[in-house]
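# Examination of the molecular architecture
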Amino acid sequence: MTVYNFSAGPAALPLTVKQQIEAELYDWNGTGCSVMEVSHRSQEFKDMADENEALARELLNISDEYAVMLIPGGARLQYSMLPINISSKQGEAIYAINGHWGKQALKEAGRFTQVSSTAKVNDEVYAGIPSYDDNELNAKADYFHYTSNETLEGVQWHKLPQTNGIPLCCDMTSDLLTREFDVNDYSMIYASAQKNMGIAGITFVIMKRDMIGQSTNLIPTMTDYKTYADTRSFYNTPPTFPWYVMLLMLRWVKAQGGVSTIQDINQAKSSQLYAFVDQSDFYLNKVDPNCRSEVNVPFWLHDESLNQKFLSESADAGLKALKGHMAVGGMRASIYNAISLAGIDALVDFMQEFERTNG
Ligand SMILES: Cc1ncc(COP(=O)(O)O)c(C=O)c1O
């Protein structure tokens, strides 16, 4: 049976990537060793890291004005690193909140700097992006942070937030490499790898070089962006295996035709699923259609008493990890890059049949 894994993260990897990992697990690049056993100071590993950086820069069109860094600690570490490194003594940071992760980022930043938010942070159900007047933002704010795609709620920004010149920083953990955007609109972007760039263990950070090393704050060496920028992420022993898997994922994206092709496929996938949910009286999506996510599609059964049955029968049919996050309820299909159109067909067929037999 073909299995489709709709996990929100760690998420599905393309089959060919897993096959390549398997094929070279015992003998990587003719070294006779696994990539897991090779020194990060070896020439082979450095060559691999160079290719990884060059390919990331090519696929995302990242100029030399930006440093690219691989930092352990997940996206959540960036919730602390950003304010520790960037906030000035009298500063303020602005957080646009459209879901769970933005709220977590705001909370953590509040430990290190003064924060303000463009949405009511006590909202428990997020079904849209906040509206605000950018002329009213504090022009002296150190940065404006938002979450381009809220993974739990399935709420995605489809336009660039207006910040009136305030440096823009973005948590793209769940949608980096899934659609096109212009890096030059940003001062800083980060994404942990386990959704579209491989496996857990590293976070990819893109940051304007002129923002790095400017702070007068006392910053632990391991949480100073300068450490990673100056050493090209080789200060301590980095998570070598996730780094290697990231390269395989980047090569895979390139082989698909790059980010623009991937974006077309993702739009086709999500449109098909939303169109099916919208025409049904059995299923429902509560998110404002203008900001529905192309990569995390939450849906609810009108009759919630059928949830458990839906989950067990879908799992039996090879459709895994469809349970929505407990904070949101219902179901969620995470349809990142590794999920093909065939995966959406299989899901829609199952949902149709479940509706027919239970509706
Ligand atoms: C948008 C977003 N930001 C941050 C995180 C936290 O990432 P990590 O577990 O890598 O710290 C997640 C995890 O799912 C996420 O989806």
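Residues numbered from 1 in each chain as written. Predicted model: local features only at pLDDT ≥ 70, side-chain atom pairs only at ≥ 80, totals over all residues. Heavy atoms only, no water.

## Quick word on the sheet that holds strand β11 (residues 283-284)
Pairing is antiparallel across the open sheet formed by 3 strands, whose spatial order is β11-β12-β14. The open sheet has two edge strands, β11 and β14 (331-334), and neither has a second partner. Examined bridge by bridge, strand β12 (residues 296-301) and β14 share 4 bridges and lie antiparallel to one another. The residue bridging Phe299 from the neighbouring strand is Met331, located in β14. (Pairing = 2+ DSSP bridges. Helix = DSSP H or I, 4+ residues; strand = E, 2+ residues; numbered from the N terminus.)

## A short note on the sheet that holds strand β8 (residues 168-171)
Reading across from one edge, β2-β10-β9-β8-β5-β3-β4 is the order of the 7 strands in this open sheet, with mixed pairing throughout. Looking at strand neighbours, the two that pair on one side only are β2 (66-71) and β4 (114-117), the edges of this open sheet. Recorded for the sheet is a direction-independent mean angle of 20° between the axes of neighbouring strands. Pairing of β2 with strand β10 (residues 203-208) involves 6 bridges; the strand directions are antiparallel. Note that in β10 the partner of Val68 across the bridge is Ile206. Packing against the sheet, helix α3 (residues 74-86) makes contact with β2, β3 (92-95), β5 (143-147), β8, β9 (188-192) and β10, and its axis sits at approximately 155° to β9. (Axes fitted to C-alpha atoms, helices over the stretch in contact; angles between N-to-C directions. Contact = heavy atoms within 4.5 Å.)

## Notes on the environment of Ser312
Tracing the backbone shows Ser312 in helix α8 (residues 307-316). As a C-alpha pair, Ser312 and Phe276 span 36 residues in sequence and 21 Å in three-dimensional space.

## Details of the packing of helix α6 (residues 240-256) against helix α7 (residues 259-279)
Axes are the key here: two packed helices are described by the angle between their axes and the distance separating the axes. Packing of α6 against α7 leaves a shortest axis separation of 7 Å and a crossing angle of 80°. Viewed along their axes, α6 and α7 adopt a mutual orientation that is roughly perpendicular. Contact residues: Trp252, Val253 and Gln256 in α6; Val259, Thr261 and Ile262 in α7. Along the lines of polarity and charge, the residues of the contact of α6 with α7 split into 4 nonpolar, 2 polar and no charged. (Parallel < 35°, antiparallel > 145°, perpendicular 65-115°, else oblique. Nonpolar A, V, L, I, M, F, W, Y, C, P; charged D, E, K, R; others polar.)

## With respect to the domain arrangement of the chain
Looking at the chain, the domain boundaries give domain 1 (4-13 + 257-358) and domain 2 (16-256). If you average the C-alpha positions of domain 1 and of domain 2, the two centres end up 26 Å apart. At the junction of the two partners, domain 1 supplies 32 residues and domain 2 supplies 30 residues. Taking both sides of the interface into account, the surface hidden between domain 1 and domain 2 amounts to around 2600 Å²; carbon and sulfur atoms contribute 59%. Considering only the surface of domain 1 that becomes buried against domain 2, Leu13, Val259 and Asn337 emerge as the three largest contributors, covering 25% of it. (Domains from an automatic or database assignment. Buried area = accessible area lost by both parts, 1.4 Å probe.)

## Re the packing of aromatic side chains
Applying the stated criterion to the full structure yields 20 aromatic pairs. Between Tyr79 and Tyr190, the aromatic rings sit 6.4 Å apart at their centres with planes inclined by 75°, giving edge-to-face as the arrangement. Placement of Tyr79 in helix α3 and of Tyr190 in strand β9 is noted, with a sequence separation of 111 residues between them. On the basis of an interplanar angle of 85° and a centroid distance of 5.9 Å, the ring pair of Tyr283 and Phe299 is categorised as edge-to-face. Here Phe299 lies in strand β12 and Tyr283 lies in strand β11, a separation of 16 residues in the sequence. Side by side, Tyr283 and Phe299 carry an identical accessibility label, which is buried. Ring pairs connect the aromatic residues Phe276, Phe282, Tyr283, Phe299, Phe310, Phe350 and Phe354, which therefore count as one cluster. Over the aromatic face of Trp300 sits the side chain of Lys286, whose NZ or CZ is 4.3 Å from the ring centroid. (Phe/Tyr/Trp six-rings, centres within 6.5 Å; stacked < 30°, edge-to-face > 60°. Buried < 20%, exposed > 50% of the residue type's maximum accessible area, 1.4 Å probe, protein only. Lys NZ or Arg CZ within 6 Å of the ring centre and 35° of its normal.)

## Side note on helix α2 (residues 43-60)
Side chains three or four residues apart in an α-helix point the same way, a direct result of the helix having 3.6 residues per turn. Its 18 residues give α2 an end-to-end C-alpha distance of 26 Å, which sits within 8% of 26 Å, the value for a rise of 1.5 Å per residue. Along α2, the positions that sit buried rather than exposed are Phe45, Met48, Ala49, Asn52, Glu53, Leu55, Ala56, Arg57, Leu59 and Leu60. Against β2, β10, α6 and α7 lie the buried residues of α2. Once α2 finishes, Asn61 follows within two positions and takes phi at roughly 55°, a positive value. (Expected span 1.5 Å × (residues − 1).)

## A look at the side chain of Asp142
Relative to the assigned elements, Asp142 resides in the loop between β4 and β5. The buried category is assigned to Asp142, whose relative accessible area is 15%. A polar atom in the side chain of Asp142 sits 2.8 Å from the backbone nitrogen of Ser88. With residues up to four places along the chain from it excluded, the contact list for Asp142 reads Ile86, Ser87, Ser88, Gly91, Glu92, Ile166 and Pro167. (Polar contact = N/O pair within 3.5 Å; in protein donor to acceptor, adjacent residues only side chain to side chain.)

## Here's the deal with the pattern of salt bridges
Using the criterion set out here, one finds 12 salt bridges in the structure. When the shortest N-O distance is used, the salt bridge between Arg356 and Glu353 registers 2.8 Å. Pair noted here: Arg356 and Glu353 are both in helix α9 (residues 341-358), with a separation of 3 residues, about one helical turn. Residue Arg356 is classed as exposed on the basis of its relative accessible area of 61%. It is possible to trace a salt-bridge network through shared partners that takes in Asp50, Glu53, Arg57 and Arg232. (Salt bridge = Lys/Arg side-chain N within 4 Å of Asp/Glu carboxyl O.)

## Section: the packing of α8 against α9
Taken N-terminus to C-terminus, the directions of α8 and α9 make an angle of 135°; their axes are 11 Å apart at the nearest point. In terms of orientation, α8 lies oblique with respect to α9. In terms of crossing hand, the pair formed by α8 and α9 is right-handed. Every residue of α9 that contacts α8 at Lys309, Phe310, Glu313 and Ser314 is listed here: Phe350, Met351, Phe354 and Asn358. (Left-handed = near helix turned anticlockwise from the far one by under 90°.)

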